[in-house]
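Per-entry structural report
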Amino acid sequence: MSYATEVFIDLVRVETRLYNALNSGLKAELGLGLGQFEFMEIIGRVPGCRVLDIAREVAITVGAASKGVDRLEAAGWCVRSAHPQDRRSSVLGLTPEGAALLADARPAVERQAAALTAGVPRGELDAMAAALAALRTALERRSPAGTD
């Protein structure tokens, strides 16, 4: 097996295990899935957020992003309103309940992520963060939507 393949497999396995652990911890603590947290964090951070903005940032289809937003709406954490300039689009916003949940979830995710990575020296995490940022940038330049 090549070095690049080994790195890829390790990266995927680490991502899966970290995601699953964070998802389980967040659900147990706040009843919120990590995917829901990611969508809510984008909605809360991006002014005039649309489903397309979520799809692009997370590198998923618009249909998948729309279904995720539907679930947030059904939970009472998000609302869609008419886009002021584009009748075909809507703007997403967090409800007061959604904003409060997101405010609770941010430190919970940070605390859990720190606990899961505590066994790795800070310098190694810093080097990994820099390498992942460079790789992400290169991949996003190649395919901004991430759907190649």
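All residue numbers here refer to positions counted from 1 along the written sequence of the relevant chain. Side-chain atom pairs in this predicted model are given and counted only at pLDDT of 80 or more, local residue features only at pLDDT of at least 70, and totals for whole chains, interfaces and linings cover all residues. Hydrogens and waters are ignored; side-chain quantities use all the structure's heavy atoms.

Time to look at the overall build of the chain. Counting from the N terminus, the helices are DSSP H or I runs at least four residues long and the strands are E runs at least two residues long. Helix and strand counts for the chain stand at six helices and two strands. Moving toward the C terminus, one meets the helices and strands of the chain in the order α-α-α-α-β-β-α-α. Structurally, the chain occupies a C-alpha span of about 50 × 35 × 25 Å along its principal axes. In this scheme, a residue with accessible area under 20% of its type's maximum is buried, one over 50% is exposed, and one in between is partly exposed, where area comes from a 1.4 Å probe on protein chains only. Considering the chain as a whole, with its 148 residues, one finds that 25% of them fall into the buried category. Relative to all contacts within the chain whose residues are 6 or more apart in sequence, the contacts with residues 24 or more apart total 49%. The method behind every accessible area is Shrake-Rupley, applied with a 1.4 Å probe, and residues are considered shielded solely by the protein chains displayed. About 9600 Å² of surface is accessible on the chain, with carbon and sulfur atoms providing 58% of the total. In what follows, a contact means two residues having at least one pair of non-hydrogen atoms within 4.5 Å.

Here the chain averages 93 in pLDDT, and 97% of its residues register 70 or above. At the level of individual helices and strands, the chain shows its lowest average pLDDT in helix α6 (residues 122-142), which scores 92, and its highest in helix α2 (residues 34-45), which scores 98. Confidence of the prediction at every residue is given by pLDDT, a number between 0 and 100.

All right, on to the nonpolar core then. Take the buried residues of types Ala, Val, Leu, Ile, Met, Phe, Trp, Tyr and Cys, join any two whose side-chain atoms come within 4.5 Å, and each joined set is a nonpolar core. Membership of the largest hydrophobic core comes to 24 residues, with the highest contact counts inside it found for L26, L32, F37, I54 and L92. Take this core: its biggest share by element is six residues, from α2.

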